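# Observations on the three-dimensional arrangement
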Amino acid sequence: MVNDSVPTGDNAGAAPVRVVLAAPSASSGTGSGAAAEADEDEYDARIRRTGCYREHMAMLDCHFATKDWRQCRDEMRQFRECFDRYQARKDAETAAAAAAAEAEAKSRRKGGSGGG
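Residues numbered from 1 in each chain as written. Predicted model: local features only at pLDDT ≥ 70, side-chain atom pairs only at ≥ 80, totals over all residues. Heavy atoms only, no water.

## Some words on the packing of aromatic side chains
Using the following cut-off: Whether two aromatic rings pair depends on their centres lying within 6.5 Å, for rings of Phe, Tyr and Trp, where Trp uses its six-membered ring; planes under 30 degrees apart make the pair stacked, over 60 edge-to-face, and the rest tilted. Secondary structure elements are defined from DSSP: runs of H or I of at least 4 residues count as helices, runs of E of at least 2 residues count as strands, and each element is numbered from the N terminus. Partly exposed describes any residue whose relative accessible area lies between the buried limit of under 20% and the exposed limit of over 50%, with all areas from a 1.4 Å probe on protein chains only and scaled to the type maximum.
One pass over the full model with this rule turns up two aromatic pairs. An angle of 40° between the planes, with centres 6.3 Å apart, marks the rings of Phe79 and Phe83 as tilted. In this pair, Phe79 and Phe83 both sit in helix H4 (residues 73-112), four residues apart, roughly one turn of the helix. Look at Phe83 and you get partly exposed, because its relative accessible area is 29%.

## Re the state of the cysteines
The condition that has to hold: Two cysteine sulfur atoms form a disulfide, by the criterion used here, when they sit within 2.5 Å.
According to the stated counting rule, one finds two disulfides in the structure shown. Paired through a disulfide, Cys62 and Cys72 show a sulfur-sulfur distance of 2.1 Å. Between Cys62 and Cys72, the S-S torsion sits near -90°, and that sign places the bridge as left-handed. One end of the pair, Cys62, is in helix H3 (residues 53-66); the other, Cys72, is in the loop between H3 and H4, with ten residues separating them in the sequence. Neither residue differs from the other here; Cys62 and Cys72 are each classed as buried. Taken in N- to C-terminal order, the disulfide-linked cysteines of the protein are connected 1-4, 2-3.

## Comments concerning helix H2 (residues 42-50)
For an α-helix the count is 3.6 residues per turn, leaving residues at separations of three or four pointing the same way. Counted only if it meets this: Two N or O atoms count as a polar contact when they lie within 3.5 Å, although within protein this holds only if one can serve as hydrogen donor and the other as acceptor, and sequence-adjacent residues are included solely when both atoms are side-chain atoms.
Those residues of H2 not exposed but buried are Ala45, Ile47 and Thr50. The distance from a side-chain oxygen at the start of H2 to the backbone nitrogen of Tyr43 is 2.9 Å, and the residue carrying that oxygen is Asp41. Directly beyond the C-terminal end of H2, a positive phi value near 85° is found at Gly51.

## Let's talk about H3
Which entries qualify depends on this criterion: Given a helix with a known number of residues, its expected span is that number minus one, times 1.5 Å. What the arc describes is the spread of directions from the helix axis to the C-beta atoms.
Across its 14 residues, H3 extends 20 Å between first and last C-alpha, which sits within 8% of the 20 Å expected from 1.5 Å per residue. Those residues of H3 lying buried are Glu55, His56, Met59 and Cys62. One side of H3 holds all its buried residues, which, seen down the axis, span an arc of 125°. Among the exposed residues of H3, those pointing more than 90 degrees away from its buried face are Arg54, Phe64 and Ala65. Among the residues trailing H3, Lys67 stands out with phi positive, at a value near 60°.

Right, dumping it as structure tokens:
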């Protein structure tokens, strides 16, 4: 269900807000494993893969409770630190994979250049 609202009153100059409401699925909140993962939003799945889902949810819960991001600085900092650690791990893995590929390529060049 989609509800396109038109701004009125104090929000007259604001752009319309598009709200998409989805009916809960049969397995929503009751399953685990592949069924629950299949129902999971792609955004949530990406956050979960970083290992920072708990920090992300704490940040969102804070904003929901306070309606003010300025009051959620600690939660935002914790999420940012967690994500920075994830990014550093990912960068190190990428660098290690690139180094291994380069070493493999050098090894092949050495082994393949002797014949003729």
